[in-house]
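Commentary on secondary and tertiary structure
In case you want the letters, here they are:
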Amino acid sequence: MKHFFNLPSEKQQNIINAALSSFGRNGYKKTSAADIAATAGISKAMVFYYFGSKKKLYLYLVEFCAEAISGGVMSRLDKGETEFFKRIRIISEIKLKVISEYPGMMSFMECMFFETDPEVESEIKKFMSVSELNFNVQPYFEGIDFSRFKEGVDPMLVTKLLLYFTTGRMNEMPKGQRVDMELIMREFDECLALFRNNLYV
């Protein structure tokens, strides 16, 4: 993929967005290189020139989504904030900013979770077992203070519930459009307040 990585970053992002949107709309099997090329404004031949095959492009996107989100969080996260819900809020805002840069990312990840095409299914499951896309959030919680939770409350379960909220809420947004971060974060703050008021001692 060296030819792809030699492209200007703006052109790389355009092709990635086109591929994410195309796979997100139609799934792996029904998406063709011609579909991606038309959306990206390049020739079909260039898709194969940059990625080699549709499968390689798809698996690159799986890895790209995980690395874009986890890398974005780890590079911008302030671990000086140790209160659980404040840290969660920071992490979620960073993730939304990353996702908003790639309008097709949410629809792609949603389709990917349920992808059953044998050409890619096993590799997706293998990757998800160790990736950010499988809620591998432990690295984000280094130094967090869990002592304020009521006895019996599992902070990781709370984290998953909040992640399910943001994922589900973004999936309700019109496909292919920019994520309304202000709206989602306003609703997310209400969820954080509800959880904090009921789960803390």
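A brief report on the enclosed structure follows. (Residues numbered from 1 in each chain as written. Predicted model: local features only at pLDDT ≥ 70, side-chain atom pairs only at ≥ 80, totals over all residues. Heavy atoms only, no water.)

**Brief notes about the overall build of the protein**
Our working rule: The helix and strand labels rest on DSSP assignments: H or I over at least four residues marks a helix, E over at least two residues marks a strand, and numbering proceeds from the N terminus. C-alpha atoms define the radius of gyration, and 2.2 Å times the number of residues to the power 0.38 defines the globule rule. The classification of residues rests on relative accessible area computed with a 1.4 Å probe and restricted to protein chains. Under 20% of the type maximum is buried, over 50% is exposed, and intermediate values are partly exposed. Two residues qualify as a contact provided that any one of their heavy atoms is within 4.5 Å of a heavy atom in the partner residue. The Shrake-Rupley method, run with a 1.4 Å probe sphere, supplies the accessible areas, and residue values consider only the shown protein chains as cover. Under this rule, positive means Lys or Arg and negative means Asp or Glu; His and the chain ends count for nothing. Here the site of a charge means atom NZ of a Lys, CZ of an Arg, CG of an Asp or CD of a Glu.
When you go through the protein residue by residue, the secondary structure sums to ten helices and zero strands. Taken from the N to the C terminus, the helices and strands of the protein come in the order α-α-α-α-α-α-α-α-α-α. A compact globule built from 201 residues should have a C-alpha radius of gyration of about 17 Å, and the protein, at 18 Å, falls within 12% of that. By principal-axis analysis of the C-alpha atoms, the protein measures approximately 60 × 35 × 30 Å. Put simply, the protein has 201 residues, and 44% of those count as buried. Taking the intrachain contacts of the protein between residues at least 6 apart in sequence as the baseline, contacts between residues at least 24 apart amount to 71%. In the form shown here, the protein has an accessible surface area of approximately 10,600 Å², with 53% of it arising from carbon and sulfur atoms. If you average the places of the 26 positive and of the 26 negative side-chain charges in the protein, the two averages end up 5 Å apart.

**Side note on the packing of aromatic side chains**
Stated formally: Any two rings among Phe, Tyr and Trp, with Trp reduced to its six-membered ring, count as a pair given centres within 6.5 Å; such a pair is stacked if its planes are under 30 degrees apart, edge-to-face if over 60, and tilted if neither.
Under the criterion given, the structure shown has 23 aromatic pairs. Ring geometry for F5 versus Y60: centroids 6.1 Å apart, planes at 70 degrees, classification edge-to-face. Taken together, the positions of F5 in helix 1 (residues 2-5) and Y60 in helix 5 (residues 54-76) put the pair 55 residues apart, joining distant regions of the chain. A residue is classified by how much of its surface remains accessible, and F5, at 45% relative accessible area, is partly exposed. Owing to a relative accessible area of 14%, Y60 belongs among the buried residues under this scheme.

**Examining the packing of helix 2 (residues 9-30) against helix 7 (residues 105-113)**
Quick reminder of the rule: Whenever a helix is involved, its axis is fitted only over the stretch in contact; in every case the axis is a line through C-alpha atoms, and angles between N-to-C directions fall within 0 to 180 degrees. Roughly parallel refers to an angle under 35 degrees, roughly antiparallel to one over 145, roughly perpendicular to one between 65 and 115, and oblique to any angle outside these ranges. It is the rotation of the near helix from the far one that decides the hand of a crossing: anticlockwise by less than a right angle makes it left-handed, clockwise makes it right-handed. Amino acids outside the nonpolar list (Ala, Val, Leu, Ile, Met, Phe, Trp, Tyr, Cys, Pro) and the charged list (Asp, Glu, Lys, Arg) are all regarded as polar, and Gly is one of them.
With their axes 7 Å apart at the nearest point, helix 2 and helix 7 run at an angle of 45 degrees to one another. The angle between helix 2 and helix 7 places the two elements in the oblique class. Like other packed secondary-structure pairs, helix 2 and helix 7 cross with a definite hand, here left-handed. Side by side, helix 2 and helix 7 meet where L20, F23 and G24 of the first sit next to M105, S107, F108 and C111 of the second. For the contact of helix 2 with helix 7, a count of residues per class yields five nonpolar, two polar and no charged.

**Structural notes on the environment of I94**
Assignment of secondary structure puts I94 in helix 6 (residues 84-100). Given a relative accessible area of 8%, I94 falls into the buried group. Separated by 25 residues in sequence, I94 and I69 have C-alpha atoms that sit 8.2 Å apart. The contact partners of I94, leaving out residues within four places of it in the chain, are G72, V73, R76 and L77.

**Considering the environment of V120**
Tracing the chain through its elements places V120 in the loop between helix 7 and helix 8 (121-128). The buried category is assigned to V120, whose relative accessible area is 0%. Spatially, the C-alpha atom of V120 lies 23 Å from that of F5, the residues being 115 residues apart in sequence. Ignoring anything within four residues of it in the chain, the contact list for V120 reads Y28, K55, Y58, L59 and E115.

**Here we look at the side chain of E83**
Stated formally: As used in this structure description, the phrase polar contact means that two N or O atoms lie within 3.5 Å; if the pair is within protein, one of them must be able to donate a hydrogen and the other to accept it, and residues adjacent in sequence are counted only when both atoms belong to side chains.
Note that E83 resides in the loop between helix 5 and helix 6. According to the relative accessible area criterion, E83 is buried, its value standing at 11%. Here K86 takes part through its backbone nitrogen, which lies 2.7 Å from a polar atom of the side chain of E83. Within the structure, the side chain of E83 is placed 2.4 Å from the side chain of Y200, a separation counted as a polar contact. Ignoring sequence-local partners within four residues, the contact set of E83 consists of I144, R148, R196 and Y200.

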